[in-house]
Amino acid sequence: MDLEALAPPGSVLVALADHGQPLDLPPGETQLVAGSVEKRRRDFALGRTCARAALARLGHDSWVLGRAPSGAPLWPDGIVGSITHTKAFAAAMAAPADRFRAIGIDAECSGGVDDRLGRRLFTDGERAWLSGQGDALRPALATLLFSAKEAYFKAFHPLEGRMPDFRQVEVEVVPGTGVFSVRQPDARDGWAAPVPGRFVIGDGLVVTALCLEA
Ligand SMILES: CC(C)(COP(=O)(O)OP(=O)(O)OC[C@H]1O[C@@H](n2cnc3c(N)ncnc32)[C@H](O)[C@@H]1OP(=O)(O)O)[C@@H](O)C(=O)NCCC(=O)NCCS
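Below you will find a few notes about this structure. (Residues numbered from 1 in each chain as written. Predicted model: local features only at pLDDT ≥ 70, side-chain atom pairs only at ≥ 80, totals over all residues. Heavy atoms only, no water.)

The next subject is helix 5 (residues 138–160). Between its first and last C-alpha atoms helix 5 spans 32 Å; for 23 residues at 1.5 Å apiece the expected length is 33 Å, and the two agree. Most pronounced at Lys-154, the bend in helix 5 amounts to some 25°, and the proline Pro-158 follows within four residues. Phi for Gly-161, located one or two positions after helix 5, is positive at around 75°. (Helix = DSSP H or I, 4+ residues; strand = E, 2+ residues; numbered from the N terminus. Expected span 1.5 Å × (residues − 1). Bend = angle between axes of the 7 residues up to and from the residue.)

In this sheet, strand 8 (residues 179–183) lies alongside strand 7 (residues 170–174) in antiparallel orientation, the contact comprising 5 bridges. Looking at strand 8, one finds that Val-174 is bridged to Val-179. Linking two consecutive strands that pair antiparallel, namely strand 7 and strand 8, is a turn of 4 residues; a positive phi of about 80° is found at Gly-176 within it. (Pairing = 2+ DSSP bridges.)

Glancing now at the pairing of strand 4 (residues 79–86). Moving residue by residue along a regular strand, the side chains alternate between the two faces of the sheet. The element strand 4 is extensively covered by neighbouring structure, given that 7 of its 8 residues are classed as buried. Bridge count between strand 4 and strand 5 (residues 89–96): 8 bridges; the pairing is antiparallel. If you follow Val-80 over to strand 5, its bridge partner there is Ala-95. (Buried < 20%, exposed > 50% of the residue type's maximum accessible area, 1.4 Å probe, protein only.)

Of note, Ser-147 is situated in helix 5. Among the residues examined, Ser-147 registers a relative accessible area of 0% and is labelled buried. In this view, Ser-147 contacts Asp-106, Ala-107, Glu-108, Val-206 and Thr-208; residues no more than four positions away in its chain are not counted. (Contact = heavy atoms within 4.5 Å.)

Now the structure itself:
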């Protein structure tokens, strides 16, 4: 899976497959999940390991990534970024804040969004688009729509706080390009300008990323 396609110039993306390798986190990060179950601690450590590697490539070697009350990771001043983890996979993307205003990255196991869940997550337009896709592609494309909304949330929530719900945000996929766009209602009952993102599908995963230009 070519994840580099997700990272525009100026950003850094680091991904990690979980092979049970030892992971070394500073105490300030370990303590954030001290009371959590083993799986949560492992996922957290995988994500933070990716984030720390991305930060090192941006010149921040020893930053301890805290956590905001919202759950968002706390990046050093002048850096924006995002973390994701799913089964045996984690990734983080980061960039200088003078290059990008916000970043959202999300990974999902392909096929986890069935019709019942889709009714809660997707607009009528998205469901019509999905039903026009072939049976073989539909599970991955439904996961892609969901993942794009999660990446959008991760980028915008730290900027804006309150967010619209899943069925108010609409994703449009440009087939065959690895590109999607997300739009949400504006204050005048219209649509705000769509925000572009990129996606990769492979190895049983769907990974999406949005980088908002500064
Ligand atoms: C927070 C949320 C986006 C996480 O996504 P997920 O697919 O469950 O899990 P992922 O592994 O991909 O991402 C988890 C990481 O997201 C990051 N995160 C959590 N809350 C966040 C927030 N408010 N803003 C930005 N990033 C956040 C954290 O780094 C977290 O990992 P960590 O706790 O180990 O550091 C999701 O649980 C959620 O609340 N979704 C609701 C979003 C929503 O309402 N969307 C409406 C459509 S826009």
